[in-house]
Amino acid sequence: MTRPDLEDLAVLALVARTGSIGRAAEQLQLSQPSVSRRMGNLEKRLRVRLLRRSPRGTTLTPAGQLVVDWAAGLLDAADEFTRSVEALRQRGSRAVRAAVSMTIAEHHAPGWVARLHPDTSVSLLVRNSTEVADLVEAGTAEVGFVESPTVRRRLTRRRVGWDELAIAVHPSHPWASGVSLAPADVAGTPLLVREEGSGTRGTLERALRRHGLALTVAMAMASNTALKSAALAGMGPVVLSELAVSGELAAGALVRVQVRDLPLRRPLTAVWRRDEPLSEGAAALVAVSGV
């Protein structure tokens, strides 16, 4: 004997409850002959007579009553299975794999994630801005957040905020005297900077290029914390997000340097693939990231 169709068993239970194939057909929005055929096929498959038909209606045979009783557990389990799979699908639609640049990971992403629905699961890959764009293009991350001054044209983008870079030095450095520097002074001095591909470095290099100048690197590292430690040790001027050095500036451990005509403001941008709409979770992450 082959396994019965669960929908046929559900129809049988409905016929039992309504006492009529016709009334069951109405509730199912099916024709009466269609429901009759389904019941006939179910009886053939089970090789058991299930229904007793009469002018007064349709009743279950003793065997049919047993089948309906046994089917109740199966139908309840099937309903629970369907609900569980739907819940799993909903959780899946709220699962987000995002890539974020270093500064965003340290100073913005935790607050964004905290504002999401509790059912949203977020996995963050922390890279520099160029690598974030690579991960999004490859489909490894569904959405990315970069701090680069420019964004690749083949990615959909949405600006979510702004960030300002700060040039900071140890209090013993000559620049700590409060003198206002020119862009050429910055370009001519070896600096502590982020690695190539980072949004921080790209913003600084772009600002210098507008004056026909190039960056001079004393040390490049892929860590905001390591660069800040080097500046605190007096190894030279450091260029980082003002968020990364705000505590040290407030405490006087580092001194911010003023530079004339060298704007270091940059956008914070959400990016995703043009050919793929954002999932519910990713769209929510972009929404809460906006300022």
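A few points on the structure. (Residues numbered from 1 in each chain as written. Predicted model: local features only at pLDDT ≥ 70, side-chain atom pairs only at ≥ 80, totals over all residues. Heavy atoms only, no water.)

1. Looking at the environment of Val 239
Within the secondary structure layout, Val 239 lies in strand 9 (residues 238–241). With 178 residues separating them in the primary sequence, Val 239 and Thr 61 have C-alpha atoms 85 Å apart. When sequence neighbours within four positions are dropped, the list of residues in contact with Val 239 reads Leu 165, Ala 166, Ile 167, Leu 191, Leu 192, Thr 200 and Leu 204. (Helix = DSSP H or I, 4+ residues; strand = E, 2+ residues; numbered from the N terminus. Contact = heavy atoms within 4.5 Å.)

2. What about the pattern of salt bridges?
In this structure the tally under the stated criterion is 13 salt bridges. One salt bridge in this structure joins Glu 147 and Arg 266, with 3.3 Å as the shortest N-O distance. Separated by 119 residues along the polypeptide, Glu 147 in the loop between strand 5 (143–146) and strand 6 (155–169) and Arg 266 in strand 11 (residues 265–273) bring together distant segments of the chain. On the basis of relative accessible area, Glu 147 is assigned to the buried category, the value being 1%. (Salt bridge = Lys/Arg side-chain N within 4 Å of Asp/Glu carboxyl O. Buried < 20%, exposed > 50% of the residue type's maximum accessible area, 1.4 Å probe, protein only.)

3. Regarding helix 1 (residues 6–18)
In this model, helix 1 (13 residues) spans 18 Å end to end at C-alpha, consistent with the 18 Å of a helix rising 1.5 Å per residue. Restricting attention to buried positions, one finds in helix 1 the residues Asp 8, Leu 9, Val 11, Leu 12, Ala 13, Leu 14, Val 15 and Thr 18. (Expected span 1.5 Å × (residues − 1).)

4. As for the nonpolar core
Counting residues in each nonpolar core, the largest one holds 20 residues, and the members touching the most others are Leu 12, Val 15, Val 35, Met 39, Leu 42, Leu 50 and Leu 51. Within the second largest apolar cluster, 19 residues are counted, among which are Ala 176, Leu 191, Leu 208 and Leu 264. (Core = buried A, V, L, I, M, F, W, Y, C linked by side-chain atoms within 4.5 Å.)

5. A look at the packing of aromatic side chains
Pairs of aromatic rings are described using the distance from one ring centre to the other and the angle between the two planes. What the rule picks out here adds up to one aromatic pair. Ring centres of Trp 112 and Phe 145 lie 4.9 Å apart, and the angle between their planes is 50 degrees; on these two criteria the pair is classed as tilted. Of this pair, Trp 112 sits in helix 6 (residues 109–114) while Phe 145 sits in strand 5, and the two are 33 residues apart along the sequence. Among the residues examined, Trp 112 registers a relative accessible area of 6% and is labelled buried. On the accessibility criterion, Phe 145 (1% relative accessible area) is buried. Here the guanidinium or amino end of Arg 265 rests over the ring plane of Trp 162, the centre of that ring lying 4.0 Å away. (Phe/Tyr/Trp six-rings, centres within 6.5 Å; stacked < 30°, edge-to-face > 60°. Lys NZ or Arg CZ within 6 Å of the ring centre and 35° of its normal.)

Function-wise, these values are silent; they only describe arrangement.
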